Amino acid sequence: MDLLLKLAGPDMRAVDGLIRLHMDSPVPVIPALADHLIAGSAKRLRPLLTIAAARLCGARDDACLKLAAAVEFIHTATLLHDDVVDSSQLRRGRVAAHLIWGAPASVLVGDFLFARAFELMVDAGSMSALEILARASRVISEGEVLQLTRSHDLDLSQEVYLEIIKAKTAELFAAAAEAGAVSAGASPEQRRALRKFGQDLGLAFQLIDDALDYSGEAKTLGKNPGDDFREGKVTLPLLLAMSRTASSERDFWVRTIDRREQADGDLERACELMRETRALDETLALAVRYAESAKAAIADFGSNPWRPAMQDLADFAVMRRA
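Residues numbered from 1 in each chain as written. Predicted model: local features only at pLDDT ≥ 70, side-chain atom pairs only at ≥ 80, totals over all residues. Heavy atoms only, no water.

## Examining helix α8 (residues 158-183)
Helix length check: α8, at 26 residues, gives a terminal C-alpha distance of 35 Å against a target of 38 Å (1.5 Å per residue), a fit within 8%. Taking the largest bend as the criterion, α8 deviates by roughly 50°, centred on A170. Of all 26 residues in α8, 22 are buried; the element is thus mostly enclosed. Backbone geometry just downstream of α8 places G185 in the positive-phi region, at approximately 70°. (Helix = DSSP H or I, 4+ residues; strand = E, 2+ residues; numbered from the N terminus. Expected span 1.5 Å × (residues − 1). Bend = angle between axes of the 7 residues up to and from the residue. Buried < 20%, exposed > 50% of the residue type's maximum accessible area, 1.4 Å probe, protein only.)

Here it is as structure tokens:
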């Protein structure tokens, strides 16, 4: 990601300044809690995507900066809410905010960040960008609720799983890229191409995260490995492993995922089954296909230096498995 980070460096420093400014509040717990999570984000991938999409489309002004900051606030707000719902212990390598300040404060600060995001969108002065990011906020919420209602569901189909991650993860990537394009006055074709890039990048990113939960380390994930298993989340690696061990391991999956009655060694057994059934390999392969699709979506943007830098971002999404 070196090239992209170098190209976007001045813009991202300006976005960081906007984030700090709009994170402020006379209520001390708000900036303290928000900073606990926002400061842990090293690369800020979603606002980086907004900036990159705008510059790829020829933007010369700073119209995309407020939209990029809004995207980061939307993302952070959803993380605060998710960690309360999932009772997560770690986020971005730090103790989850709700364990320090409590669940009510985390939820309410998430609401504050959503409000700040919409203020920034209005300030940006683009009704089209406002519509894109407002729609994304709704779709993300729908995805989270769908996941909640289908959690521990051993009969979840791969199609529904992809619908969930398309809504809860890929939608914000897609909206971040499309909003950046809109801020640059991009053509409808460019908007569609960048939305496609963002969506496929987001799908690749989430698939790798789901695989890393069974094969990664806390420093790679920013959370404890095995959290999905302990929470009974049905992700693609789990779906594939369950479908390939249906008769011999049904009782194991019902006990650990459906009833969440887990004992020492169960996570290790689940990881072993995923290796034996090549569930992780297949999940990684699907992530690579989405990353390649993302790169192809912007292939027609010519010799603009932002294009190869953004394609490197798709490679980065899947290289994290290393």
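Back to the write-up after that little detour.
## Observations regarding the packing of helix α9 (residues 188-212) against helix α16 (residues 306-319)
Orientation of α9 relative to α16, taken along the N-to-C sense of each, is 20°, at an axis distance of 8 Å. By the angle between their axes, α9 is roughly parallel relative to α16. Considering the relative orientation of α9 and α16, their crossing is left-handed. Side by side, α9 and α16 meet where L194, F197, L201, A204, F205 and I208 of the first sit next to M310, L313, A314, A317 and V318 of the second. For the contact of α9 with α16, the per-class residue count stands at 11 nonpolar, no polar and no charged. (Axes fitted to C-alpha atoms, helices over the stretch in contact; angles between N-to-C directions. Parallel < 35°, antiparallel > 145°, perpendicular 65-115°, else oblique. Left-handed = near helix turned anticlockwise from the far one by under 90°. Contact = heavy atoms within 4.5 Å. Nonpolar A, V, L, I, M, F, W, Y, C, P; charged D, E, K, R; others polar.)

## Here's the deal with the environment of A54
With respect to the helices, strands and loops of the structure, A54 is situated in helix α3 (residues 45-56). In the structure, A54 is positioned 140 residues away from L194 in sequence and 9.7 Å away in space, judged by C-alpha atoms. If we skip the residues at most four places from it in the chain, A54 touches A59, C64, G180, A181, S183 and A184.

## Topic: the pattern of salt bridges
This model, assessed by the stated rule, comprises 24 salt bridges. Taking the shortest distance from any N to any O, the salt bridge between R55 and D11 comes out at 2.9 Å. One end of the pair, R55, is in helix α3; the other, D11, is in helix α1 (residues 2-23), with 44 residues separating them in the sequence. The pair R55 / D11 is uniform in exposure class, with both members buried. One salt bridge in this structure joins K295 and E292, with 3.4 Å as the shortest N-O distance. Highlighted residues: K295 and E292, both in helix α15 (residues 279-297), separated by 3 residues, approximately one helical turn. Among the charged side chains, a network of salt bridges with common partners joins R135, E171, E178, R191 and R195. (Salt bridge = Lys/Arg side-chain N within 4 Å of Asp/Glu carboxyl O.)

## So, the packing of helix α13 (residues 250-258) against helix α14 (residues 266-276)
To characterise two packed helices, one gives the angle between the axes of the helices and the distance between these axes. Running from amino to carboxyl end, α13 crosses α14 at an angle of 125°, the nearest separation of the two axes being 12 Å. With respect to each other, α13 and α14 are oriented oblique. Like other packed secondary-structure pairs, α13 and α14 cross with a definite hand, here left-handed. Contact with α13, carried on its side by F252, W253, R255 and T256, involves D266, R269, A270 and L273 of α14 and no other residues of that element. Of the residues belonging to the contact of α13 with α14, the class tally is 4 nonpolar, 1 polar and 3 charged.

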